[in-house]
Amino acid sequence: MNASRPTRRLAVWIAVALSAAIPARVFAEPAVVDFNRDIRPILSESCYQCHGPDRNQRKADLRLDQRAGLFRSADGTRIVVPGKPDESELWLRVTAEEEDLRMPPPKAGKRLTPDQVERIRQWIQQGAVWKGHWAYLPPSRPALPGGPPHRPANPIDRFIRARLQAEGLEPSPEADRPTLIRRLSLDLVGLPPPPEEVDRFVADTHPDAYEHLVDRLLASPHYGERMAIFWLDLVRFADTQGYHSDNHVDIWMFRDYVIRAFNANVPFDRFTIEQLAGDLLPAPTDETRVASGYNRLLQTTQEGGAQPKEYMAKYAADRVRNVSTVWLGATMGCAECHDHKFDPFTTREFYSLAAFFADIKETIVGAQQPTWFPAPGQAAALRTLRSLEERRGRLKATKGPTEAQKRELAELDKQVAALAQKIPSTLVSTSIPPRVMRVLPRGNWMDDSGPVVTPDVPAALPPLGVRDRRATRLDLARWLTSGSNPLVARVLVNRLWRLAFGQGLVTTLDDFGSQGTWPTHPDLLDWLACEFVDRGWDVKGMLKLMVMSATYRQASRPRPADRQRDPGNRWLSRQNSFRLDAELIRDNALSISGLLAPRMGGPSVKPYQPPGYWVFLNFPKREYYPDHGPNQYRRGLYTYWQRTFLHPSLLAFDASTREECVVQRPRSNTPLQALVLLNDPTYVEAARVFAARVLAEAGTDPSARFDHAFRLALGRAPRPGEAAILERLLQKHQRQYQDDPAGARDLLGIGETPAPPQLDPAELAAWTSVTRVILNLHETMTRN
């Protein structure tokens, strides 16, 4: 990396000239350039591929991701000389004009911007202070920022206000009470507030009225259902295997465990232990064994020609990707075939983490065998079932069975299937002597030449602390939530922050590594992480802290200064407004109409679905039969989750197929979504029942009916312009359906719920058109 002295002088001259040519606003940066915030992202994006953690791709034996590499001296060349950019090879190379000297080299297809070049110069000039990657340093509780004489009581507001002041921004005023109760209800229970609850909150003059509302919503059993949606995406919960024929698996009891755990506010460290190692606890219970089904949520296969050895490798890799993303916010999947190119994770560490799960008993290729959990009073039925299974097993092992034995076997199959449907069952973890785990060179499952590894954690993180025996999944779970782990608390509070504010303090929720984003409020993130641990990993407590803040209660409408200075709302001068998740859009419509069935838990249900949607499911062929009665109107999280053919209504609104961990669903805006809301039988029926409810509850005056419909859907009265538009729509469709009674009957016939016979069909059909529009409003499916 040696450049000649004339080249060095030329490089410095060019850099000075470049700096002079760049407008001053480009360099309007903080007085101190921070390595983690300002320099590491540049090196990670432009340098680490050749000078980073991956030893197989490293050039010139130079690592720029470590302090020793950045400040090393070799052959008279010093990479970075603190305080002296013109003597620092890093600075000279990024400013070199000669192609054979410039870094990154032209063939890399990358070139630093003038702003990035100047940041490097400033950093070196200011002393080149190096820091380890922020996410791998233990969080320490920072002091609360100062502020005006009347400082906010909530610590969150202290951090946010300090940053707003530094950015020249003002916080937004508090949202009005109808908006606040709707926001809280959607965030904490996933359902809109009934009009009577809105009225009660608006009229409540008690100084603690808002906190009482928060406490009531956190105590609602629907809170667990809302929180489960976020967690089930992370752990990739589904009702089917995923691979090949995507066959059914019994796993719904795990979903119900998650709901119960959130409702009971099980501390997050205990929640972690129960899922990763509930079967290994000293005194496992049925609840912790069901929780251990987490380890069985991955995709599996029943394909006859599948190679067990290949799928054993797939399952191991899947588990590493999931546990590292869910708990560590790390992209360890990148280390399956080679050392990570940006973060300090090696291939050996990837397979060492996989070794924790080598003890799980499972069918590598074939149907997964669930464990029975009889309900009270089903013990005798379970004994009968096991007896029948034993008899069936003996008959199947018979060589050359007689015709009588074949008939008996067929009858036993029917009896077992019928009895099995009545006894709850689910996949759980069962520990067996661990399989041998070795490094697979380049991820090749056919190559056994790699070294054997035992369970261990990445060296860049605190040690596991197990030396005298083979470590277990229970050790891993306890290590994750130990006080020394720098990532888990940060990762979880960041995801809770997204639930309350629409985006994380670290926007890359799945990547706290070098390619991830720098926290918008790093001190606040660390304060929250420390507070979370100090509170005993109290999830409800952290959510309450967030939603009690004045920052959370701000109005979401951007002001001109906000749009200009902070269009992405990074500094939180207002609340964020965003579309509801797919399940909540469905729940919202059913709740507004009055159709929503309140029952919790149980096997997954099947709402209306287009005929033939499953036509390409094979081995075996399957027919989709929608449920009837209350099961048709259950909350969206209970929908049967067919991975390869996810329910099309959920898919249209960006629900995850859960083939992999999803930490953040996209929020698209497509014409297909409007078509779903207008034509899916679920929403058409909801609109019709909504219309019938309005006609039954709001008298005969159209204005009163419009008012009631808006209050049911949005918690507010319609504005004059909105009412006028709906009045014209109503009159148009009244004429249409009076002239077309058959069309009215067709519309009213959609869905299982019968139309009230006392209502005029044309009038109900016309009002159904009105309520379809209301359910389709941007505001109806948006959390403001």
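For the structure, check the block above.
Just so it is clear, the model here is predicted, and its values are computed rather than measured.

Each value, and the rule that gives it
- Residues numbered from 1 in each chain as written.
- Predicted model: local features only at pLDDT ≥ 70, side-chain atom pairs only at ≥ 80, totals over all residues.
- Heavy atoms only, no water.
- Core = buried A, V, L, I, M, F, W, Y, C linked by side-chain atoms within 4.5 Å.
- Buried < 20%, exposed > 50% of the residue type's maximum accessible area, 1.4 Å probe, protein only.
- Contact = heavy atoms within 4.5 Å.
- Axes fitted to C-alpha atoms, helices over the stretch in contact; angles between N-to-C directions.
- Helix = DSSP H or I, 4+ residues; strand = E, 2+ residues; numbered from the N terminus.
- Parallel < 35°, antiparallel > 145°, perpendicular 65-115°, else oblique.
- Left-handed = near helix turned anticlockwise from the far one by under 90°.
- Nonpolar A, V, L, I, M, F, W, Y, C, P; charged D, E, K, R; others polar.
- 1 Å grid on protein atoms, 1.4 Å probe; cavity = no way out; pocket = protein on both sides within 12 Å on 5 of 7 lines; lining within 4 Å.
- Points joined across faces, edges and corners; volume = space filled by probe spheres on them.
- Arc of directions from axis to C-beta.

Novice: Pulling in residues and values, what's your account of the nonpolar core?
Specialist: One broad rule of soluble globular proteins: the nonpolar side chains tend to lie buried together. Residues Trp231, Phe254, Phe268, Trp327, Trp497 and Leu528 are the most contacted members of the largest nonpolar core, which totals 181 residues. Every residue in contact with leucine 528, bar those within four places of it in the chain, is listed here: Ile156, Val493, Trp497, Leu505, Met542, Leu545 and Met546. Counting 23 residues, the second largest nonpolar core, distinct from the first, contains Ile39, Ile42, Tyr48 and Leu112.

Novice: Describe in detail the packing of helix α2 (residues 35–46) against helix α6 (residues 114–125), supporting the description with residues and values.
Specialist: Interhelical geometry of α2 versus α6 gives an angle of 125° and a closest axis separation of 10 Å. Classified by the interaxial angle, the pair formed by α2 and α6 is oblique. The handedness of the crossing between α2 and α6 is left-handed. Contact with α2, carried on its side by Phe35, Asp38, Ile39 and Ile42, involves Gln116, Arg119, Ile120 and Trp123 of α6 and no other residues of that element. Considering only residue class, the contact of α2 with α6 consists of five nonpolar, one polar and two charged.

Novice: With reference to specific residues and values, describe the layout of surface pockets.
Specialist: Taken as a whole, the largest pocket holds about 1,300 Å³ of empty space. The set of elements that each furnish at least two residues to the lining of the largest pocket consists of β3 (371–372), α17 (379–396) and α18 (403–420). Classifying every residue of the lining of the largest pocket gives 14 nonpolar, eleven polar and eleven charged. Within this model, the second largest pocket holds a volume of roughly 550 Å³. For the second largest pocket, the lining is made up of 18 residues, of which Thr179, Arg557, Arg719, Glu779 and Asn784 are closest to its centre. In terms of residue count, helix α8 (residues 177–188) provides more of the lining of the second largest pocket than any other element does, four residues in total. Looking at side-chain class alone, the lining of the second largest pocket contains five nonpolar, six polar and seven charged residues.

Novice: Account for empty space enclosed by the protein, naming residues and giving values.
Specialist: Taking a probe equal in size to a water molecule and rolling it over the atoms shows the remaining empty space. On inspection of all chains with the given rule, the structure shows ten cavities of 30 Å³ or more. There is about 270 Å³ of room inside the largest cavity. Around the largest cavity, the lining is made up of 22 residues, and of these Arg226, Arg498, Leu499, Asp581 and Arg667 lie nearest the centre. Among the secondary structure elements, those contributing two or more residues to the lining of the largest cavity are α8, α11 (221–234), α20 (488–501) and β7 (578–579). Sort the elements by how many residues they give to the lining of the largest cavity and α11 lands first, with five residues. Of the residues that constitute the lining of the largest cavity, the class distribution is eleven nonpolar, one polar and ten charged.

Novice: A description of helix α30 (residues 741–748) should follow, citing residues and the corresponding values.
Specialist: All of the buried residues along α30 are Gly743, Ala744, Leu747 and Leu748. Considered in projection along α30, the buried side chains sweep an arc of 130° and stay on one side of the axis. More than 90 degrees from the buried face of α30, the exposed residues found are Arg745 and Asp746. Against α27 (681–697), α29 (720–739) and α31 (761–776) lie the buried residues of α30.

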